[in-house]
Amino acid sequence: MSDGKKRLLTGLQPSGQLHIGNYLGALKPFVESYGEYESYLMVADYHALTSLKNPAQLGEGIIDVVADYVAAGVNPTQATIFKQSDVPEHTELAWIFDCLVTVPFLQQAHAYKDKVAKGLEANAGLFTYPMLMAADILLYDTDIVPVGADQRQHVEYAREAAAKFNQAFGDTFKEPQEKISEDIAAVPGVDGKKMSKSYGNTIPLFGTDDAIRAAVMSIVTDSTAVGAPLDTDKDITFALHRHFTPNLAEIQKRYVDGTIGYKESKELLAHNIIATIAPMRERRGALSREAVIQILKDGAEVARAKASAKMADVRKKVGVALY
Ligand code: TYM
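Within each chain, residue numbers correspond to sequence positions counted from 1 in written order. Only residues with pLDDT of 70 or above have their local features reported here, since the model is predicted, and side-chain atom pairs are shown and tallied only from 80 upward, although totals for entire chains, interfaces and linings are computed over all residues. Only hydrogens and water are set aside; all other atoms, that is, all heavy atoms of the structure, feed into the side-chain values.

## Comments concerning helix H3 (residues 55-71)
No. 1: By the criteria applied, helices consist of DSSP H or I runs no shorter than four residues and strands consist of E runs no shorter than two, each listed in order from the N terminus. What a helix is expected to span follows from its residue count: subtract one and scale by 1.5 Å. Taking 1.5 Å per residue, 17 residues should reach 24 Å; H3 reaches 24 Å between its end C-alpha atoms and fits that length.
No. 2: For every residue, the accessible area obtained with a 1.4 Å probe (protein chains only) is divided by the maximum for its type, and the residue is called buried under 20%, exposed over 50%, and partly exposed between those limits. Turning to H3, its buried residues number three or more, namely Leu58, Gly61, Ile62, Ile63, Val65, Val66, Ala67, Asp68, Tyr69, Val70 and Ala71.
No. 3: Nitrogen and oxygen atoms within 3.5 Å of one another constitute a polar contact, given that in protein one can donate a hydrogen and the other can accept it, and given that sequence-neighbouring residues count only through two side-chain atoms. The N-cap of H3, judged by a side-chain oxygen 3.2 Å from the amide nitrogen of Ala56 a few residues on, is Asn54.

## Focus on the site of the ligand
No. 1: In the vicinity of the ligand there are 28 residues, among which Tyr129, Asp136, Asp150, Gln151 and Val187 approach most closely.
No. 2: Here Asn22 contributes a side-chain N or O atom positioned 3.1 Å from an oxygen atom of the ligand.
No. 3: For the ligand, whose unbound accessible area comes to 710 Å², protein coverage reaches 96%.
No. 4: Those elements giving two or more residues to the shell around the ligand turn out to be strand E1 (7-12), helix H1 (20-33) and helix H7 (124-138).
No. 5: Classification used: nonpolar for Ala, Val, Leu, Ile, Met, Phe, Trp, Tyr, Cys and Pro, charged for Asp, Glu, Lys and Arg, polar for all others including Gly. Residue composition of the shell around the ligand, by class: 15 nonpolar, 10 polar and 3 charged. Any residue with a heavy atom lying within 4 Å of a molecule or strand is counted as near it. Residue burial considers only the protein chains on display, and all accessible areas are found by Shrake-Rupley using a 1.4 Å probe.

## What to know about unusual backbone geometry
No. 1: In this structure, Asp141 is a non-glycine residue whose phi angle is positive, near 50 degrees.
No. 2: Within the secondary structure, Asp141 is located in the loop between H7 and strand E4 (144-146).

## Here we look at the pattern of salt bridges
No. 1: Salt bridge criterion: a side-chain nitrogen from Lys or Arg within 4 Å of a carboxyl oxygen from Asp or Glu. Enumeration according to the criterion identifies 22 salt bridges in this entry.
No. 2: One salt bridge in this structure joins Lys306 and Glu38, with 3.4 Å as the shortest N-O distance. In this pair, Lys306 sits in helix H13 (residues 289-318) while Glu38 sits in strand E2 (residues 38-43), placing the two residues 268 residues apart along the sequence.
No. 3: Put simply, Arg284 and Asp68 hold a salt bridge, and the shortest N to O gap is 2.5 Å. With Arg284 in helix H12 (residues 262-285) and Asp68 in helix H3, this pair connects stretches of sequence that are 216 residues apart.

## Comments concerning the packing of helix H6 (residues 110-117) against H7
No. 1: As a packed pair, H6 and H7 sit with axes 9 Å apart at the nearest point and diverge in direction by 155 degrees. Taken together, the axes of H6 and H7 lie roughly antiparallel to each other. Once H6 is placed against H7, the crossing between them reads as right-handed. Contact with H6, carried on its side by Tyr112, Lys115 and Val116, involves Leu126, Phe127 and Tyr129 of H7 and no other residues of that element.
No. 2: When the residues that make up the contact of H6 with H7 are grouped by side-chain class, the tally is 5 nonpolar, no polar and 1 charged. Lines fitted to the C-alpha atoms define the axes, with helices restricted to the stretch that makes contact. Angles between their N-to-C directions range from 0 to 180 degrees. Any angle that is under 35 degrees is reported as roughly parallel, and any over 145 degrees as roughly antiparallel; angles of 65 to 115 degrees are reported as roughly perpendicular and all others as oblique. Each crossing is labelled by how the near helix is turned from the far one, with a counterclockwise turn of less than a right angle marking it left-handed and a clockwise turn marking it right-handed. A contact between two residues is defined here by any heavy atoms of the two lying within 4.5 Å.

## As for the domain arrangement of the protein chain
No. 1: Domain delimitation in this document rests on an assignment produced automatically or drawn from a domain database. With domains assigned, the protein chain is organised as domain 1 (7-186 + 288-318) and domain 2 (207-283).
No. 2: Between the C-alpha centres of domain 1 and domain 2 the distance comes to 32 Å.
No. 3: Contacts between the two partners involve 10 residues from domain 1 and, on the opposite side, 7 residues from domain 2.
No. 4: Buried surface at the junction of domain 1 and domain 2, both sides included, amounts to about 690 Å², of which 73% is carbon and sulfur.
No. 5: For the pair domain 1 and domain 2, the number of links is 0 salt bridges. A 1.4 Å probe defines the accessible area here, and the buried area is the portion of it lost by two parts on being joined, summed over both.

## Things to note about the side chain of His47
No. 1: Relative to the helices and strands, His47 resides in helix H2 (residues 45-48).
No. 2: Given the relative accessible area of 2%, His47 is considered buried.
No. 3: Within the local environment of His47, its side chain forms a polar contact with the side chain of Gln84, the two groups lying 3.2 Å apart.

## Quick look at the environment of Leu138
No. 1: Take Leu138: it is sitting in helix H7.
No. 2: Classification of Leu138 as buried rests on a relative accessible area of 1%.
No. 3: In sequence terms Leu138 and His47 are 91 residues apart; their C-alpha atoms lie 16 Å from each other.
No. 4: In this structure Leu138 touches Phe97, Ala158, Ala161, Ala162, Phe173, Lys174, Pro176 and Lys310, once residues within four positions along its chain are discounted.

## Remarks on the packing of helix H10 (residues 236-244) against helix H11 (residues 248-257)
No. 1: Running from amino to carboxyl end, H10 crosses H11 at an angle of 165 degrees, the nearest separation of the two axes being 10 Å. It follows that H10 is roughly antiparallel to H11 by the angle criterion. For the element pair H10 and H11, the recorded crossing hand is left-handed. For the pair H10 and H11, contact is made by Thr237, Phe238, His241 and Arg242 and by Leu248, Ile251, Gln252 and Tyr255, respectively.
No. 2: Of the residues contributing to the contact of H10 with H11, the split by class is 4 nonpolar, 3 polar and 1 charged.

## Focus: the pairing of E1
No. 1: With respect to burial, E1 is a largely interior element, 5 of its 6 residues being buried.
No. 2: A pair of strands is labelled paired if DSSP reports no fewer than 2 bridges between them. Across 6 bridges, the pairing between E1 and E2 is parallel. Across the sheet, Leu9 pairs through a bridge with Tyr40, a residue of E2.
No. 3: Here is how to tell: hold the view so the strands point away, follow the path from the first strand over the helix to the second, and if it runs clockwise the crossover is right-handed. Between E1 and its parallel partner E2, the chain crosses via H1, and the hand of that crossover is right-handed.

## Let's talk about the pairing of strand E3 (residues 80-83)
No. 1: Here E3 shows no split at all, with Thr80 and Phe82 on one side and Ile81 and Lys83 on the other all buried.
No. 2: Two elements, E2 and E3, share 4 bridges in a ladder whose sense is parallel. If you follow Val43 over to E3, its bridge partner there is Lys83.

As structure tokens, this is what we get:
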């Protein structure tokens, strides 16, 4: 697979049903570009452990997220799909990075501060989350990391970890770049805040038609009367139309003319989301649990080979490889 191509890597946590924010922010950009790179798509199961303490749910979440990857269009023969916990070098390297960065540096992480503000337990894993993510990225000499805007700082932290290591022990890690599509940097949830599992404001990617419709119909709107023009810049439904509606210009005109109301607009959006994911759902339905497990086993082998070679070098550089 390594033929001088640049490397692309991203990961998602298997901590619940993927939502359309995960899809538009990370998965779709990965699907659209992974063929041009040597590509890695990771299941961040140890990251999920920072918030999830239910073994059955975590196990099912892992299977589900891999099925979601394939359904969304990732061909497992063209990308290495693997889970973090299958490659112990990730946690090993994270420890080394933990020893290079300071507590005040980690305290500045927005994601950590946001999660604690939302009431998540401030466990030490959540605190050092960025260094495990840095290890995920740097072990594979990743060039590009497609993510949503909320992960920008985490990729900066990975660059910082690389720079700190290189400075202390000699040139070893490549500094990666995040790839954030400006128009889909932060997909809004049904309440207008960033769509997030922890806000409970999501539209599920592979929910039933009814679940998708119910979520879309619950999008918050103002009290503009039917027949009055609607503001495309402020309306959450319209923000989502931008990603799912083929005849966007026509809908935009109807907003401006006042010939569409919120209810009709939401019904159209739900219809268009369901139509977009229909072919993905079919692919998902055709994938057995055994097939998913095989994908993970195959991916683990490829990822381990890369990661162990890199870690052998790292152990030498830090001085622990004596024999
Ligand atoms: P997770 O599972 O929280 O999010 C997965 C991806 O979905 C994006 N995302 C969004 N994008 C746009 N709008 C939204 N409302 C929205 N909500 C979520 C996130 O930005 C992310 O890209 N820390 C990572 C997982 C990870 C990782 C990695 C990513 C672990 N190791 C290495 C890249 C490289 C995360 O946020 O997962």
